[in-house]
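Architecture and fold: a report
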Amino acid sequence: MIVMKFGGTSVGDAERVLAVVEVVRSKLEARPIVVVSALAGVTDLLVEAVAAAARGDREGLDPVLAALERKHRWAVAGAIEDARRRHDLSLSLDALFEELRQLLRAVRVLGEGTPRAADALLAYGELLSSRILAAALEGRGVRARLVDPRDVVLTDGRHGAAEPDLAALAETARRTLLPAVEAGEVPVMGGFVGAGPDRRTTTLGRGGSDTTAAAVGAAIGAEEIQIWTDVDGLMTADPKIVPEARTLPRVSFAEAAELAFYGAKVLHPASVLPAVERRIPVRILNTLRPASAGTLVLDEAAGEEARLASVASRTGVCIVRVASRRLRADPAFLPRTFAALERSGLAADLAVCSEAGATVVVSRAADRGRLAAELGGEVEGTVSEGRGVVSVVGSVLLRDPAVRGRVIEALARIEPEALALSGAGPSVAAVVPEQRLQEAVRSLHREFIEGQGRAAA
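My aim in this report is to walk through the structure given alongside it, one point at a time.

1. Some points on the sheet that holds strand β9 (residues 282-286)
Ordered by their spatial adjacency, 8 strands build an open sheet running β3-β4-β2-β1-β7-β9-β10-β8, and the pairing between neighbours is mixed. The sheet is open, and its two edges are formed by β3 (144-147) and β8 (250-252), each paired on a single side. Mean inter-strand twist for the sheet, computed between neighbouring axes without regard to direction, equals 20°. Both strand β2 (residues 32-36) and strand β4 (residues 186-190) contribute to a ladder of 3 bridges, which runs parallel. Looking at β4, one finds that valine 34 is bridged to valine 188. Relative to β8, helix α10 (residues 253-261) is tilted by about 90°, and along the sheet it contacts β8, β9 and β10 (295-298).

Written out as structure tokens, the structure is:
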């Protein structure tokens, strides 16, 4: 069996829904279980609707509801050809939209959007999209079984960022999903959504549909978990910066984690942790180019390969430099500094530290006045904004000191304001002004990625 997860861009409209149907049809021999996100843009509309209802803004709420309904009606009209099936699906969606309106009305009257209420409302994106996809599959001759994710994905009670109960999920998956697969059906369920111990609706937070796919895959012992999106996989660099960037055929989970941290947004590795723990391969594939091999993410994908994987980058960071005014080493300096950063709402992405000073990279603008007040009189701090991070990523960095030295030397040549070698992850990162970031990425890609290809040839 395999688990196939389709993101919002893969089901953005009727044409995309039908493309997903053809992808699923091509994998029927692998006995797929399908997990689907909300239609593209729907979760954002639902967040807007919840906010409007919570502040009692009926005039702001009505057009959002109209946009939500219009988007789904268009998808149904284009994806479902049979008039009777389209009529039945429309009635099912009518009931869901009426439930949604009633819940939003209750939030508006009370003027309070609690996390529990938000979860109940945000779940409708996946409840709607899964019905549309299941009907579209049936319309193209695939025996599909619609499954409510709240009957499968049991979670803790943390609304907005619930964690699946993997032991309970193993039982519900055996009871709910496996009989459908054994009967030759394709289970179709929404991602992102679960149910807490009290059976109330929960959501799984960032990367929630990926988490659903990984948890289900782990529960059933899937051969592979496929994440279908709108790109061919993880790349050797951002193709908008490096046109020569190519798809990575395989990476380790550790490399994927570093790439995500430093800017690659295709996969958030924390969301597929259940798959990592069961050593189930995760493959990233492109719905628009289903023939592409994509990127295979394995527990140890590159253990035998002496190669660097990618040059990752992101903008919008700033550097906070903090120094003790005392002339002697102070063991309490670093704990006080990081506590002050936390009280200022700043989390360190990178840090280079000593007992008397620290250079910290944070991913949001710092309130200089608040930071100075939190640091106190014995510490002085400066903030440099408009910075970017470039990172060379590859498992070989953990094993080969010579390669590490070459990468550090190359990063030193771009005159970084901070340089950090990951203590556990396979990466070396540097911070430069944003206006120099793209050229830094291109030069590092030429030297370490394109150069590897020429050497191998």
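Now, onward.
2. Remarks on a nonpolar patch on the surface
A contiguous nonpolar patch, built from Ile408, Leu419 and Leu421 and spanning about 220 Å² of accessible area, is present on the exposed surface. Looking at the element boundaries, isoleucine 408 is found in helix α15 (residues 401-413).

3. Digging into the side chain of serine 130
Assignment of secondary structure puts serine 130 in helix α6 (residues 124-139). Among the residues examined, serine 130 registers a relative accessible area of 2% and is labelled buried. Within polar-contact distance, the side chain of serine 130 engages the backbone oxygen of glutamate 126 at 2.8 Å. Ignoring any residue separated from it by four or fewer positions in sequence, one finds serine 130 in contact with Val36, Leu146, Val188, Met189 and Gly190.

4. Thoughts on the pattern of salt bridges
As enumerated under the stated definition, the model contains 29 salt bridges in all. Across the pair glutamate 69 and arginine 73 runs a salt bridge, and its minimum N-O distance is 3.0 Å. Pair noted here: glutamate 69 and arginine 73 are both in helix α3 (residues 58-79), with a separation of 4 residues, about one helical turn. When its relative accessible area of 24% is taken as the criterion, glutamate 69 is described as partly exposed. Residue arginine 73 is classed as partly exposed on the basis of its relative accessible area of 24%. A salt bridge links arginine 289 to aspartate 232; the shortest N-O distance between them is 2.9 Å. Remark: aspartate 232 occurs in the loop between β7 (224-229) and β8 and arginine 289 occurs in the loop between β9 and β10; sequence separation between them is 57 residues. Classification of arginine 289 as partly exposed rests on a relative accessible area of 47%. By relative accessible area, which is 14% here, aspartate 232 ends up buried. Through salt bridges with shared partners, a single ionic network connects Glu69, Arg73, Asp94, Glu98 and Arg101.

5. Brief notes about the nonpolar core
The biggest cluster of nonpolar side chains holds 59 residues, and the ones touching the most others in it are Leu68, Leu100 and Leu133. The leading source of residues in this core is α6, at 9 residues. Discounting residues that sit within four places of it in the chain, leucine 68 has contacts with Val42, Leu45, Leu46, Phe97 and Leu100.

6. Quick look at the packing of aromatic side chains
As enumerated under the stated definition, the model contains 2 aromatic pairs in all. For the ring pair phenylalanine 6 and tryptophan 228, a centre distance of 5.9 Å and an interplane angle of 25° mean the geometry is stacked. Of this pair, phenylalanine 6 sits in strand β1 (residues 2-6) while tryptophan 228 sits in strand β7; the two residues are 222 residues apart in sequence, bridging distant segments of the chain. Residue classification places phenylalanine 6 among the buried positions, given a relative accessible area of 0%. A relative accessible area of 1% places tryptophan 228 in the buried class. Ring centres of phenylalanine 261 and tyrosine 262 lie 4.9 Å apart, and the angle between their planes is 85°; on these two criteria the pair is classed as edge-to-face.

The rules behind these values
- Every chain is numbered on its own, with residues counted from 1 as its sequence reads.
- Where local features are concerned, this predicted model is filtered to residues with pLDDT of at least 70; where side-chain atom pairs are given and counted, the filter is 80 or more; whole-chain, interface and lining totals use all residues.
- Calculated side-chain values reflect all of the structure's heavy atoms, with hydrogen atoms and water omitted.
- Two strands qualify as a pair provided DSSP detects at least 2 bridges between them.
- Only DSSP runs of H or I reaching four residues or more are called helices, and only runs of E reaching two or more are called strands; each is numbered from the N terminus.
- Between the N-to-C directions of two axes lies an angle of 0 to 180 degrees, each axis being a line fitted to C-alpha atoms and, for a helix, fitted only over the stretch in contact.
- The contact criterion used is simple: two residues touch if any of their non-hydrogen atoms lie within 4.5 Å.
- Patches here are clusters of residues that have more than 30% relative accessible area and form no salt bridge, with a 9 Å joining cutoff for like charges and a 5 Å cutoff for nonpolar side chains (Val, Leu, Ile, Met, Phe, Trp, Tyr).
- Note on areas: Shrake-Rupley with a 1.4 Å probe; residue coverage comes only from the protein chains shown.
- Every case where a carboxyl oxygen of Asp or Glu lies within 4 Å of a side-chain nitrogen of Lys or Arg is listed as a salt bridge.
- Accessibility here uses a 1.4 Å probe with only protein chains present; expressed as a share of the type maximum, an area under 20% marks a residue as buried, one over 50% as exposed, and anything in between as partly exposed.
- Two N or O atoms count as a polar contact when they lie within 3.5 Å, although within protein this holds only if one can serve as hydrogen donor and the other as acceptor, and sequence-adjacent residues are included solely when both atoms are side-chain atoms.
- Remark: nonpolar core denotes a set of buried residues (Ala, Val, Leu, Ile, Met, Phe, Trp, Tyr, Cys) joined through side-chain atoms within 4.5 Å.
- Stacked, edge-to-face and tilted labels apply to pairs of Phe, Tyr and Trp rings (six-membered ring for Trp) whose centres lie within 6.5 Å, assigned for plane angles under 30 degrees, over 60, and everything in between, in that order.

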